[in-house]
Amino acid sequence: PVLTYYYVKAGSALLRCAQPHSCSANEFQNDRDLLQKCRDAVCQGAPLIIYDCRSRVAANANIFRGGGVEDPEAFSPTRAHSEESTTAVVPLDIPNIHQMQSSWQ
C-alpha cells in the first residue's frame, strides 16, 4: 500500500495498492503490520475500510487463478491494539477500472 492522499483536517489517509494475491505468511504479516501502522498514524482505533474497485467478475476470476480477496477478519486489530476499531471491505464493482482512469485525461 502507498499513501496517495492525506486529509489533514480529519486525519484520514487514502492508500492504494494492487489487487490481493496469494502470498507467504511472512509477506502477509508485512502487509498486516504496515496497515496497522497506517491505522495507528491516523488515530488509535481508526477504522480500516478497503474499497475493492474491481468488478465482481474480475474478483472471482482472480480467485479462480489463485489470487485472493481481502478478508476483513485478517486485518482486524491485534490484541495489542484497540479492539473497537473496525475493518470492512466495500466492493465497488467498477466494470472497467482502466476506462475509469482514462476518463480523467
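Structural data are supplied above this passage.
Residues numbered from 1 in each chain as written. Predicted model: local features only at pLDDT ≥ 70, side-chain atom pairs only at ≥ 80, totals over all residues. Heavy atoms only, no water.

Chemist: How do you make sense of the overall build of the protein when you look at a structure like this?
Modeler: Along the protein, the regular secondary structure elements total three helices and four strands. Ordered by position from N to C terminus, the α and β elements of the protein give β-β-α-β-α-β-α. The proportion of buried residues among the 105 residues of the protein is 22%. When the accessible surface of the protein is split by element, carbon and sulfur atoms take 58% of a total near 7800 Å². (Helix = DSSP H or I, 4+ residues; strand = E, 2+ residues; numbered from the N terminus. Buried < 20%, exposed > 50% of the residue type's maximum accessible area, 1.4 Å probe, protein only. Areas by Shrake-Rupley, 256 points an atom, 1.4 Å probe, with all protein chains shown as cover.)

Chemist: In this structure, what is going on with empty space enclosed by the protein? I would like to understand it.
Modeler: Any empty space left between the atoms is revealed when a probe the size of a water molecule rolls over them. Inspection of the entire model under this criterion finds one cavity of 30 Å³ or more. When its volume is computed, the largest cavity comes out at roughly 50 Å³. Lining the largest cavity we find Arg32, Leu35, Gln36, Arg39, Leu48, Phe75 and Ser76. A class-by-class count of the residues in the lining of the largest cavity yields three nonpolar, two polar and two charged. (1 Å grid on protein atoms, 1.4 Å probe; cavity = no way out; pocket = protein on both sides within 12 Å on 5 of 7 lines; lining within 4 Å. Points joined across faces, edges and corners; volume = space filled by probe spheres on them. Nonpolar A, V, L, I, M, F, W, Y, C, P; charged D, E, K, R; others polar.)

Chemist: What is the right way to read unusual backbone geometry from this model?
Modeler: Phi at Asp93 takes a positive value of approximately 50°, unusual for a residue other than glycine. Checked against the element boundaries, Asp93 lands in the loop between strand 4 (87-91) and helix 3 (97-102). Of the residues examined, Asp93 reaches a relative accessible area of 35% and is grouped as partly exposed.

Chemist: How should a nonpolar patch on the surface be read in this particular structure?
Modeler: Where nonpolar side chains cluster on the molecular surface, the patch consists of Leu3, Tyr6 and Val8 and spans about 320 Å² of accessible area. Position of Leu3 among the secondary structure elements: in strand 1 (residues 2-7). (Patch = residues over 30% accessible without salt bridge, like charges linked within 9 Å, V, L, I, M, F, W, Y side chains within 5 Å. Salt bridge = Lys/Arg side-chain N within 4 Å of Asp/Glu carboxyl O.)

Chemist: What is the right way to read the nonpolar core from this model?
Modeler: The tendency in soluble globular proteins is for nonpolar side chains to be buried as a group. With five residues, the main nonpolar core is built from Leu35, Leu48, Ile50, Ala74 and Phe75. Those residues in contact with Ala74 that sit more than four places away from it in its chain are Phe28 and Arg32. (Core = buried A, V, L, I, M, F, W, Y, C linked by side-chain atoms within 4.5 Å. Contact = heavy atoms within 4.5 Å.)

Chemist: Can you help me understand the pairing of strand 1 in this one?
Modeler: Remember that side chains alternate between the two faces of the sheet whenever the strand is regular. Both strand 1 and strand 2 (residues 12-16) contribute to a ladder of five bridges, which runs antiparallel. The residue bridging Tyr6 from the neighbouring strand is Ala13, located in strand 2. Linking two consecutive strands that pair antiparallel, namely strand 1 and strand 2, is a turn of four residues; a positive phi of about 70° is found at Gly11 within it. (Pairing = 2+ DSSP bridges.)

Chemist: Is there a simple way to think about the side chain of Asp52 in this case?
Modeler: Tracing the backbone shows Asp52 in strand 3 (residues 48-52). Accessibility expressed as a relative area gives 16% for Asp52, which makes it buried. A polar side-chain atom of Asp52 sits 2.7 Å from a polar atom in the side chain of Arg54. Among residues more than four places away in sequence, those in contact with Asp52 are Val90, Pro91, Leu92 and Asp93. (Polar contact = N/O pair within 3.5 Å; in protein donor to acceptor, adjacent residues only side chain to side chain.)

Chemist: For this particular structure, what's the right way to read the pattern of salt bridges?
Modeler: Opposite charge on two side chains permits them to pair, given that their charged atoms come into close proximity. The tally for this structure, following the rule as stated, stands at two salt bridges. Among the salt bridges present, the one from Arg56 reaches Asp93, with a minimum N-O distance of 3.8 Å. In this pair, Arg56 sits in helix 2 (residues 56-64) while Asp93 sits in the loop between strand 4 and helix 3, placing the two residues 37 residues apart along the sequence.

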